[in-house]
Amino acid sequence: MQNDTLVRIPANAWEQLRDLYRQDWPRHEIAYNNVQNYIRWIERDPQISATLLVYSLNGNWRQTGTYIIIDHTDVFMYTLDSTGDTLKRMLLLLDWHHSYLMNMCLYRATVLEVYRLHRLEIAFDSADLIYHMPQQVAHRFRYDLPVGLSLQRIPPHYAAFIYNQWLNKSVGTEYFIERLLRWNVSMGLFCEGVREPLAWCIRTQNGALGLLGVVAQRKGYGSLVIKAIARRLAEQGYSTYASVRRTNVASRKLFEKLGFRAVGEASWLKNMKGTFDGCELRKAIKA
């Protein structure tokens, strides 16, 4: 472990990395779609490779498929190593002087152990359930639109509006929303004569539905956009999944009513910036 280093996986190897996760779906479907998302993004804008970091441990990603993606402050991590050792060794090497948001993380215990070793304070912690719908089921979604309403992709200039409606907004979030609207599937419910959408949903970097929002409750608008985006994804060959906070009973009931099935657990974790240096860390690990 003394000689462990984080080694970037070159973009021309991402397809090979992605294909390691063509197994045990829907669990590894998320990891597959996560890499595929960035393959598409870098084809659209090669310049993002300057700030997009895809790491392996010591360059040995072919053995366990373990990777960590750092997209500005968003972090995604997956591994085929059932022991979790490879991922933990990688997390210990991150520069924890930064604050990261661990997106839909399947490795809660490992991340919290690294937080403890680095003496990091938790800024945000959400325990979620992962809901999944196979594309064959989503293909069968049907819905009737009330007169005057339409469903359509959301133009990027609505990023500021969605940002202002979102409870979890933070510095830089508007940029991330605008980028998702530009490059990923989205669905908005619009009304004639009303400029802003009545409801919206966007596919995030790992393929999950995100930023679901409505301006008026109890009108069925949320169900409409979920059905529409799930069917759109099915038409493109994708299943649909979402991460829903355990305590959000209303959202859980909504997804379950639509036919989604809970297939796993995930966490959203964010750390406060650390001040712990490498020497102190080595002492803490030995202790």
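Everything quoted here is computed from the prediction, not taken from an experiment.

1. What about the packing of aromatic side chains?
At step 1: Here the structure, examined in full by the defined rule, presents 13 aromatic pairs.
At step 2: Ring centres 5.4 Å apart and planes at 75° place the aromatic pair Tyr38 and Trp41 in the edge-to-face group. Of this pair, Tyr38 and Trp41 both sit in helix α2 (residues 29-44), separated by three residues, roughly a single helical turn.
At step 3: Residue Tyr38 is classed as buried on the basis of its relative accessible area, which comes to 1%.
At step 4: For Trp41, a relative accessible area of 0% gives the class buried.
At step 5: Where Phe255 meets Phe260, the ring centres are 5.0 Å apart and the plane angle is 85°; that geometry is what we call edge-to-face.

2. Some words on the pattern of salt bridges
At step 1: By the definition in use, this model includes twelve salt bridges.
At step 2: Between Glu178 and Arg182 there is a salt bridge; the shortest N-O distance is 2.8 Å. Here Glu178 and its partner Arg182 are both found in helix α8 (residues 173-183), four residues apart, which amounts to about one turn of the helix.
At step 3: Residue classification places Arg182 among the partly exposed positions, given a relative accessible area of 33%.
At step 4: Glu196 serves as the salt-bridge partner of Arg195, at 3.6 Å between the closest nitrogen and oxygen.
At step 5: Overall, Arg195 belongs to the exposed group, its relative accessible area being 59%.

3. Description of the packing of helix α4 (residues 85-93) against helix α5 (residues 108-117)
The packing of two helices is summarised by the inter-axis angle and the distance between the axes.
At step 1: Contact geometry for α4 and α5: axes closest at 10 Å, N-to-C directions at 35°. Here α4 runs over α5; the crossing is right-handed. When α4 is examined against α5, the residues Lys88, Leu91 and Leu92 are found in contact with a partner set consisting of Thr110, Val111, Glu113, Val114 and Leu117.
At step 2: When its residues are assigned to classes, the contact of α4 with α5 shows five nonpolar, one polar and two charged.

4. Section: the domain arrangement of the chain
At step 1: Under the domain assignment, the chain is made up of domain 1 (4-126 + 267-274) and domain 2 (134-237).
At step 2: Measuring from the centre of the C-alpha atoms in domain 1 to the corresponding centre in domain 2 gives 26 Å.
At step 3: On the side of domain 2, 14 residues touch domain 1, which itself brings 19 residues to the contact.
At step 4: Across the interface of domain 1 and domain 2, roughly 1300 Å² is buried in total on both sides, 52% from carbon and sulfur atoms.
At step 5: If you look at where domain 1 meets domain 2, you find one salt bridge.
At step 6: A salt bridge links Arg179 to Asp71, with the nearest nitrogen and oxygen atoms 2.7 Å apart.
At step 7: Linking domain 1 with domain 2 are eight residue pairs in polar contact (both at pLDDT 80 or more).
At step 8: In terms of residue count, α2 provides more of the side of domain 1 that touches domain 2 than any other element does, eight residues in total.
At step 9: Looking at the side of domain 1 that touches domain 2 residue by residue, the class counts come to eight nonpolar, five polar and six charged.

Thresholds, definitions, all that
Residues numbered from 1 in each chain as written. Predicted model: local features only at pLDDT ≥ 70, side-chain atom pairs only at ≥ 80, totals over all residues. Heavy atoms only, no water. Phe/Tyr/Trp six-rings, centres within 6.5 Å; stacked < 30°, edge-to-face > 60°. Helix = DSSP H or I, 4+ residues; strand = E, 2+ residues; numbered from the N terminus. Buried < 20%, exposed > 50% of the residue type's maximum accessible area, 1.4 Å probe, protein only. Salt bridge = Lys/Arg side-chain N within 4 Å of Asp/Glu carboxyl O. Axes fitted to C-alpha atoms, helices over the stretch in contact; angles between N-to-C directions. Left-handed = near helix turned anticlockwise from the far one by under 90°. Contact = heavy atoms within 4.5 Å. Nonpolar A, V, L, I, M, F, W, Y, C, P; charged D, E, K, R; others polar. Domains from an automatic or database assignment. Buried area = accessible area lost by both parts, 1.4 Å probe. Polar contact = N/O pair within 3.5 Å; in protein donor to acceptor, adjacent residues only side chain to side chain.

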